[in-house]
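# Notes for the structure review
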Number of protein chains: 2
Amino acid sequence: MAGHVSEAVLRRLPRYYRYLKELEANNVMQISSQELAETMGLTASQIRQDINCTGGEGRQGFGYSVVQLRRHIGGVLGIQHRQNMIIVGAGNIGSAVALSDSFRDSNFITIGIFDVDPAKIGRRIGSLTVLDYADIAAFLALNPVHIAVLAVPISSGQAVVDRLHTLGINAYWNFVPTDLIIPDGATIVSVHLEEGLQILSYKIRENDPGL
Amino acid sequence: MAGHVSEAVLRRLPRYYRYLKELEANNVMQISSQELAETMGLTASQIRQDINCTGGEGRQGFGYSVVQLRRHIGGVLGIQHRQNMIIVGAGNIGSAVALSDSFRDSNFITIGIFDVDPAKIGRRIGSLTVLDYADIAAFLALNPVHIAVLAVPISSGQAVVDRLHTLGINAYWNFVPTDLIIPDGATIVSVHLEEGLQILSYKIRENDPGL
């Protein structure tokens, strides 16, 4: 993989990836940093700098090969590899993640979903059956899992992380609306859906102070 | 409402709000900027500055009243008011948003969910019935709606925004994984779930380059 990419550049890479995938789907073969800049609302020099940071290369007077650059950025993000996920919590969010095709298209494959609720255990969600959280250690002993999706209530979030960490899970995609304490060496990315809605609420009023 | 808050401060406000709500739930009455800084991983002076920017006030030697500050920040975000939402797209994400209690707790109330799929129209999702998207103009003529949640496939995202905008909707919470063109004066906040997962993927490899 490429050297360390700064947090600011890293946050833009998925957007580059998404644009390039759309271009590829539309059979665009090559693109200049100027064209990419216009679609993405960035400057051409910013784009060249970002791509340089990741070790990607264009050609003077030609620009970037869409396929090559998409693959290169995918490689930096590590999404050319299949990554197995488990989901803890088979509620609304856990089910939506399990059923989503878009994660599967990026090689994130949900191989198990767990809950403690007897009413949910045994239920089908897409091609999966909800498993008993009490059996998670045995499941993890048999199946390689790279990422745990946390979709449990606030009250059990920390206990689930602590347990999964002792079972060897080091990466968490967190939907629990609280800040969880993550052990050294582990990684968490949190999705606080409500925050986006609150920011939208502020902006509505800023645009229309009469509200 | 308070004056303009910078984008950087705005992005932190929901987190302040969440912390203060948790403190309030734990019956903590007052908190110093130093204590808030420790829990939030910021500096005390950063916190005082942020809160000052929003027009909030503490007292020397006392700190902040948790209830007052939570209400103040809620007021800046505009979430003391009830805001009606409609959801377009009754798939996995649309259903999860419709069923979530946490948005309702912040006064974001889903009053309608729409789809074009005859198999989904008429189905119950929690207390709502999926309505025919063809009838959305009549619905909007009768019901005040502040926010539209976009949970449709990429291919119909832009057409839905364009239609809803002509019907008077100016705020969009977007789950469509593409960049939509938003008319002047309208506001969009996009949730690109996959981006978080891709960033997590990068970080896993950064922590463990052997992968």
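Structure first, text after, so check above.
For every chain, the first residue of the written sequence is number 1, and numbering continues from 1 along that sequence. Whichever chain is written first is A, and whichever ligand is written first is 1; the rest continue in order. It should be noted that, the model being predicted, local features are given only for residues of pLDDT at least 70 and side-chain atom pairs only at 80 or more, the latter also being counted only at that level, while totals for whole chains, interfaces and linings use all residues. Water and hydrogen atoms were dropped before computing side-chain values, which therefore reflect all heavy atoms in the structure.

### Observations concerning the interface of chain B and chain A
Taken together, the 61 residues of chain B in the interface contact 61 residues of chain A. Buried area: the accessible area, evaluated with a 1.4 Å probe, that two parts lose upon being put together, summed over both parts. Between chain B and chain A, roughly 5,500 Å² of surface is buried when both sides are summed, and carbon and sulfur atoms account for 62% of that area. It is Leu 197, Gln 198 and Tyr 202 of chain B in chain B that bury the most area against chain A; as a group they hold 13% of the surface buried on that side. Should a side-chain nitrogen of Lys or Arg be within 4 Å of a carboxyl oxygen of Asp or Glu, the pair is scored as a salt bridge. Summed over the shared surface of chain B and chain A, the result is eight salt bridges. We note a salt bridge from Glu 195 of chain B to Arg 18 of chain A, for which the minimum N-O separation is 2.6 Å. Counting of polar contacts relies on pairs of N or O atoms within 3.5 Å, with two restrictions inside protein: one atom must be capable of donating a hydrogen and the other of accepting it, and residues adjacent in sequence are counted only when both atoms are side-chain atoms. For the pair chain B and chain A, the number of links is 25 residue pairs in polar contact (both at pLDDT 80 or more). If you list the elements that add at least two residues to the side of chain B that touches chain A, you get α1 (7-25), α4 (66-77), β3 (83-88), α5 (92-99), α6 (101-105), β8 (171-174), β9 (187-190) and α9 (193-207) of chain B. Secondary structure counts use DSSP, requiring at least four H or I residues in a row for a helix and at least two E residues in a row for a strand, with both numbered from the N terminus. It is α9 of chain B that provides the largest number of residues to the side of chain B that touches chain A, a total of 15 residues. The classification used treats Ala, Val, Leu, Ile, Met, Phe, Trp, Tyr, Cys and Pro as nonpolar, Asp, Glu, Lys and Arg as charged, and all other residues, Gly among them, as polar. Per-class residue counts for the side of chain B that touches chain A are 31 nonpolar, 18 polar and twelve charged. Residue contacts are counted whenever heavy atoms from the two residues lie within 4.5 Å of one another.

### Examining the environment of Thr 39 of chain B
Residue and element names in this part refer to chain B. With respect to the helices, strands and loops of the structure, Thr 39 is situated in helix α2 (residues 33-40). Residue classification places Thr 39 among the partly exposed residues on the basis of a relative accessible area of 46%. Taking C-alpha positions, Thr 39 is 25 Å from Asn 207, a pair spaced 168 residues apart along the chain. Within the structure, Thr 39 has its side chain in polar contact with the backbone oxygen of Leu 36 (distance 3.3 Å). Accessible area is worked out with a 1.4 Å probe on protein chains only. A residue is then buried under 20% of its type maximum, exposed over 50%, and partly exposed in between.

### Details of empty space enclosed by the protein
In this analysis a 1.4 Å probe is tested at points of a 1 Å grid over the protein atoms alone, and where it fits but cannot get out there is a cavity; an open set with protein on both sides within 12 Å along at least five of seven lines is a pocket; lining residues have an atom within 4 Å of a point. Grid points are joined across faces, edges and corners, and a volume is the space filled by probe spheres set on the points. Per the counting criterion, the structure on display carries one cavity of 30 Å³ or more. Here the largest cavity is characterised by a volume of approximately 90 Å³. What lines the largest cavity is Ile 93, Ala 96, Val 97, Phe 103, Phe 175 and Leu 193 of chain A together with Ile 93, Ala 96, Val 97, Phe 175 and Leu 193 of chain B. Contributing elements (two or more residues each) for the lining of the largest cavity: α5 (92-99) of chain A together with α5 of chain B. Looking at the lining of the largest cavity, its residues break down into eleven nonpolar, no polar and no charged.

### A closer look at the sheet that holds strand β4 (residues 108-115) of chain B
All names here are of chain B. Two strands make a pair as long as DSSP finds a minimum of two bridges between them. Sheet architecture is open: seven strands sit in the order β5-β6-β4-β3-β7-β8-β9, paired in mixed fashion. The sheet is open, and its two edges are formed by β5 (124-125) and β9, each paired on a single side. In this sheet, β4 lies alongside β3 in parallel orientation, the contact comprising six bridges. Each bridged residue has a counterpart across the sheet, and for Ile 86 the counterpart in β4 is Gly 112.

### Focus: the nonpolar core
Across soluble globular proteins, you tend to see nonpolar side chains buried next to one another. Each nonpolar core is a collection of buried residues, namely Ala, Val, Leu, Ile, Met, Phe, Trp, Tyr and Cys, held together in the definition by side-chain atoms within 4.5 Å. Core analysis: the largest hydrophobic core is formed by 94 residues, its most contacted members being Trp 173 of chain A together with Trp 173 of chain B. For Trp 173 of chain A, the contacting residues outside a window of four places in its chain are Val 97, Phe 103, Ile 147, Ala 148, Val 149, Leu 150, Val 189 and Val 191 of chain A together with Leu 193, Gly 196, Leu 197 and Leu 200 of chain B. Judged by nonpolar contacts, the second largest core, of 20 residues, contains Val 145, Ala 148, Leu 164 and Ile 182 of chain A.

### Let's talk about the relation of the copies chain B and chain A
Superposing the copies works by least squares over the C-alpha atoms of residues that have pLDDT at least 70 in both of them. Least-squares fitting of chain B to chain A yields an RMSD of 0.0 Å, with the superposition described by an axial translation of 0.0 Å and a rotation of 180°. Read as a symmetry element, the transformation amounts to a two-fold axis. Of every C-alpha in chain B, the one belonging to Ala 96 of chain B sits nearest the axis of rotation, 3.2 Å from it. When you check the interface residues of chain B against chain A, 100% turn up at the interface there too, and the contact is symmetric in its surfaces.

### A short note on the packing of α2 of chain B against helix α3 (residues 44-53) of chain B
Residue and element names in this part refer to chain B. Following both chains from N to C, one finds α2 and α3 inclined at 105°, their axes separated by 8 Å at the closest point. Relative to α3, the element α2 lies roughly perpendicular. Along its contact with α2, which presents Ser 33, Gln 34, Leu 36 and Ala 37, the element α3 presents Ala 44, Ile 47, Arg 48 and Ile 51. Residues belonging to the contact of α2 with α3 are distributed by class as follows: five nonpolar, two polar and one charged. To get an axis, fit a line to the C-alpha atoms, keeping to the stretch in contact for a helix; angles then go from 0 to 180 degrees between the N-to-C directions. Angle categories: roughly parallel below 35 degrees, roughly antiparallel above 145, roughly perpendicular from 65 to 115, and oblique for all the rest.

### Regarding α4 of chain B
One fewer than the residue count of a helix, multiplied by 1.5 Å, yields its expected span. Taking 1.5 Å per residue as the helical rise, α4 of chain B with its twelve residues ought to reach 16 Å, and the 16 Å between its terminal C-alpha atoms agrees with that figure. Taken as a whole, α4 of chain B has its buried residues at Val 66, Leu 69, Arg 70, Ile 73, Gly 74, Val 76 and Leu 77 of chain B. One side of α4 of chain B holds all its buried residues, which, seen down the axis, span an arc of 160°. Exposed residues pointing more than 90 degrees away from the buried face of α4 of chain B are listed as Gln 68 and Arg 71 of chain B. On the buried face of α4 of chain B, the contacting elements are α9 (193-207) of chain A together with α1, β1 (30-31), α2, α3 and β2 (64-65) of chain B. Just downstream of α4 of chain B lies Gly 78 of chain B, where phi reads positive at about 80°. An arc is given here, and it is the one of the directions from the helix axis to the C-beta atoms.

### Remarks on the packing of aromatic side chains
Residues and elements named next belong to chain B. Stacked, edge-to-face and tilted labels apply to pairs of Phe, Tyr and Trp rings (six-membered ring for Trp) whose centres lie within 6.5 Å, assigned for plane angles under 30 degrees, over 60, and everything in between, in that order. A complete count under the given rule lists six aromatic pairs over all chains for this structure. Judged by centre distance (5.3 Å) and plane angle (85°), the ring pair of Phe 103 and Trp 173 falls under edge-to-face. A residue pair is termed long-range when its members are at least 10 positions apart, and Phe 103 in helix α6 and Trp 173 in strand β8 qualify at 70 residues. Trp 173 sits in the buried class, given a relative accessible area of 0%.

### Thoughts on the pairing of strand β6 (residues 128-132) of chain B
Strand direction decides the pairing type here: β4 of chain B and β6 of chain B, joined by three bridges, are parallel. Paired with Ile 113 of chain B across the bridge in β6 of chain B is Val 130 of chain B.

### Notes on the pattern of salt bridges
A complete count under the given rule lists 14 salt bridges over all chains for this structure. Here Arg 18 of chain B makes a salt bridge to Asp 179 of chain A, at a shortest N to O gap of 2.3 Å. Taken together, the positions of Arg 18 of chain B in helix α1 and Asp 179 of chain A in the loop between β8 (171-174) and β9 (187-190) put the pair across two chains. On the accessibility criterion, Arg 18 of chain B (11% relative accessible area) is buried. The residue Arg 70 of chain B makes a salt bridge to Glu 24 of chain B at a minimum N-O spacing of 2.7 Å. With Arg 70 of chain B in helix α4 and Glu 24 of chain B in helix α1, this pair connects stretches of sequence that are 46 residues apart. A cluster of three or more residues bridged by salt bridges with shared partners is formed by Arg 15 and Arg 18 of chain A together with Asp 179 and Glu 195 of chain B.

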